[in-house]
Amino acid sequence: MRTTHTARTPRRARTARTTGTPRGTRTPRTTRASRTAAALVVAAALAAGCSGSGGKDSEDRTDKADRGAGVSTPRLKIAMITHSGEGDTFWDIVRNGAKQAAAKDNVEFLYSNDKEAKGQAELVQAAIDKKVDGIVVTLAKPQAMQAVLGKAKAAGIPVVSINSGAEFSPKYGALSHIGQEEAVAGEAVGTRLAQEGRKKTLCVIHEQGNVSLEQRCAGVKKTFQGTVENLNVDGTNAPDSQSSIEAKLQADKSIDAIVALGAPIAALAVKAKDDAGSEAEIATFDLNAEVVRRLKAKEVAFAVDQQPYLQGYLAVDELWLYKTNGNVLGGGRPVLTGPALVTGKDVPQLEKYTARGTR
């Protein structure tokens, strides 16, 4: 028999019948309200849980973590001192990698450079005086760095070398070296040019006295089956460098290959070749957005990529790992970031990376 509603059930009695209600009996209004409130609480909790694992709030938190907001290790100060000259885009890419690692690792990143060996050594001394927690350094002109790196070791400041002077890195007390084996990279270029039937190569050294550049040309000469001639230019003076390459091509029409040892020099070599009316093939070490465009246009045949972004990133990351966890990379051997030969077929993959300054 259906329950009638002529007499209202006392509030306490209605509240007590929240479970086990006979089928067909209406749920009291206060019970429905309680269940609705509970459902709202659960929904709110679920919503809070969702916002913690996805959506815009999650993206914001992820971005902050990527910038180092989630790192609990103490704030460190790391200095990078390179032999870079003005206008060399290679070092912009190295710095981009270092800055990304610094943001992740809660590191204050200090960068300075001087193409002169004495000036670079003085900058390393300045970093020691600032009592930095770690130093990243290039060894392009290694003998000038030996004494000051000894001072860094005496001060208890760990050092990681990058890019150049791998064979001097352990002698000068560095934890490890990050880069490519320059002679091996040069040999790869020489082999490629020989396979293409080239007979005479002009190897353009844009920084005289830089051991890494000399090793590259020596590597080319080792595996190239023709003649290799070195040409020294001032890489920081673009007009003079272009004129020197053009004059050499005009004077010697037998040159059928040009090896640039840096991306900015490759662009100058293309212009010099055109002005000289030369048919020489151009190859280059290192990438930037312009080199990728010239690979696409077939103005540059191939490039040697040593991944400078990775050199900067790994160097800062290694010093952070060493200071916070005692880690050392490489096991006493260089940590290789190259070489790899890239051609026009690699352009589709590379364009987006070079455009943002990471390759």
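Quick caveat, the model's predicted, so the values are computed rather than measured.

Asks: So, the overall build of the protein chain: which residues are in play, and what are the values?
Replies: Within the protein chain, the regular secondary structure consists of 13 helices and 12 strands. Contacts in the protein chain between residues far apart in sequence, at least 24 positions, make up 72% of those at least 6 positions apart.

Asks: How would you summarise the state of the cysteines if you had to cite specific residues and measurements?
Replies: Going through the model one piece at a time under the given rule, you end up with 1 disulfide. Cys203 shares a disulfide with Cys217; S-S distance 2.1 Å. Around the S-S axis, the bridge from Cys203 to Cys217 shows a dihedral of about -90° and counts as left-handed. Taken together, the positions of Cys203 in strand E6 (residues 200-205) and Cys217 in helix H8 (residues 211-223) put the pair 14 residues apart, joining distant regions of the chain.

Asks: Describe the nonpolar core, with residues and values.
Replies: Counting 28 residues, the largest nonpolar core has Val204, Ile245, Ile258, Leu287, Val291 and Leu295 as the members making the most contacts within it. Of all the secondary-structure elements, those providing two or more residues to this core are E6, helix H9 (238-251), strand E8 (257-260), helix H10 (263-276), helix H11 (289-296) and helix H13 (347-355). Per-element accounting of this core gives the leading share, 8 residues, to H10. Discounting residues that sit within four places of it in the chain, Leu295 has contacts with Leu287, Val300, Ala301, Phe302, Ala303, Val342, Thr343, Gly344 and Val347.

Asks: Could you give me a rundown of the packing of helix H4 (residues 89-104) against helix H12 (residues 308-325), with the residues and numbers involved?
Replies: Two elements in contact, H4 and H12, have axes separated by 6 Å at closest approach and are oriented at 35°. As H4 packs across H12, the resulting crossing turns out to be right-handed. Residue-level contacts link Phe90, Ile93, Val94, Asn96, Gly97, Ala98, Gln100, Ala101, Ala102 and Lys104 of H4 to Pro308, Tyr309, Gln311, Gly312, Tyr313, Val316, Asp317 and Trp320 of H12. Of the residues in the contact of H4 with H12, the class split is 11 nonpolar, 5 polar and 2 charged.

Asks: Would you mind going over the environment of Ser254 in detail, with residue names and values included?
Replies: Its location among the elements puts Ser254 in the loop between H9 and E8. Spatially, the C-alpha atoms of Ser254 and Lys199 are 7.9 Å apart, while their sequence positions differ by 55 residues. Within the structure, the side chain of Ser254 is placed 2.4 Å from the side chain of Asp252, a separation counted as a polar contact.

Asks: Help me get a handle on the sheet that holds strand E7 (residues 227-232), residues and values and all.
Replies: Read across the open sheet, the 6 strands follow the order E7-E6-E8-E9-E10-E12; overall the sheet is mixed. Since the sheet does not close on itself, it has two edges, and those belong to E7 and strand E12 (340-342), each with one partner. When strand polarity is set aside, the average angle formed by the axes of neighbouring strands in this sheet is 20°. Note that strand E9 (residues 281-285) and strand E10 (residues 302-305) share 3 bridges and pair parallel. Its bridge partner lying in E10, Ala283 is registered against Phe302. Contacting E6, E8, E9, E10 and E12, helix H7 (residues 182-195) crosses the sheet at an angle of about 165° to E10. Here H8 sits on the sheet and contacts E6, E7 and E9; the angle it forms with E6, its principal contact strand, is near 170°.

Asks: Tell me what's going on with the side chain of Gln242, and back it up with residues and numbers.
Replies: Summarising the element assignment, Gln242 is placed in helix H9. In this view, Gln242 contacts Leu268, Lys271, Ala272 and Asp275; residues no more than four positions away in its chain are not counted.

Asks: So what's going on with the packing of aromatic side chains? Residues and values would help.
Replies: Scanning the entire structure with this criterion turns up 3 aromatic pairs. Here the aromatic rings of Tyr309 and Tyr313 are separated by 6.3 Å at their centres, their planes lie at 20°, and the arrangement is stacked. One end of the pair, Tyr309, and the other, Tyr313, are both in helix H12, 4 residues apart, so they sit about a helical turn from each other. We note Arg192 situated over the ring of Phe302; from NZ or CZ to the ring centre the distance is 5.0 Å.

Asks: Tell me about unusual backbone geometry, and name the residues and values.
Replies: Residue Pro339 is bonded to the preceding Gly338 through a cis peptide linkage, with omega at 10°. With respect to the helices and strands, Pro339 occurs in the loop between strand E11 (335-336) and E12. For Lys131, which is not glycine, the phi dihedral falls at a positive 60°. Relative to the helices and strands, Lys131 is located in the loop between helix H5 (117-129) and strand E3 (134-138).

Asks: Describe in detail the confidence of the model for the protein chain, supporting the description with residues and values.
Replies: The predicted model of the protein chain averages 85 in pLDDT, with 81% of residues at 70 or higher. Low pLDDT, under 50, characterises residues 1-68; the predicted model gives this stretch 26 contacts beyond four residues in sequence or across chains.

Asks: Break down the sheet that holds strand E2 (residues 107-113) for me, citing the residues and quoting the values.
Replies: Strands sit in the order E2-E1-E3-E4-E5-E11 across an open sheet of 6 strands; the sheet is parallel. In this open sheet, the two strands that pair with only one neighbour each are E2 and E11. Strand direction decides the pairing type here: E3 and strand E4 (residues 159-162), joined by 4 bridges, are parallel. Its bridge partner lying in E4, Val136 is registered against Val160. Lying over the sheet, H4 contacts strand E1 (76-82), E2, E3 and E4, oriented at roughly 165° with respect to E2.

Asks: Break down the pairing of E8 for me, with residues and values.
Replies: Residues Ala257 and Val259 line one face of E8 and the alternating positions Ile258 and Ala260 line the opposite face, and both faces are buried. The sheet contact formed by E6 and E8 spans 4 bridges and is parallel. Within the sheet, the bridge partner assigned to Val204 lies in E8 and is Ala260. Two elements, E8 and E9, share 4 bridges in a ladder whose sense is parallel. By the bridge assignment, Ile258 is partnered in E9 with Ile282. Handedness of the β-α-β unit built from E8, H10 and E9 comes out right-handed.

Parameters at a glance
- Residues numbered from 1 in each chain as written.
- Predicted model: local features only at pLDDT ≥ 70, side-chain atom pairs only at ≥ 80, totals over all residues.
- Heavy atoms only, no water.
- Helix = DSSP H or I, 4+ residues; strand = E, 2+ residues; numbered from the N terminus.
- Contact = heavy atoms within 4.5 Å.
- Disulfide = S-S within 2.5 Å.
- Core = buried A, V, L, I, M, F, W, Y, C linked by side-chain atoms within 4.5 Å.
- Buried < 20%, exposed > 50% of the residue type's maximum accessible area, 1.4 Å probe, protein only.
- Axes fitted to C-alpha atoms, helices over the stretch in contact; angles between N-to-C directions.
- Left-handed = near helix turned anticlockwise from the far one by under 90°.
- Nonpolar A, V, L, I, M, F, W, Y, C, P; charged D, E, K, R; others polar.
- Polar contact = N/O pair within 3.5 Å; in protein donor to acceptor, adjacent residues only side chain to side chain.
- Pairing = 2+ DSSP bridges.
- Phe/Tyr/Trp six-rings, centres within 6.5 Å; stacked < 30°, edge-to-face > 60°.
- Lys NZ or Arg CZ within 6 Å of the ring centre and 35° of its normal.
- pLDDT = per-residue confidence, 0-100.
- Right-handed = clockwise from strand over helix to strand, strands pointing away.

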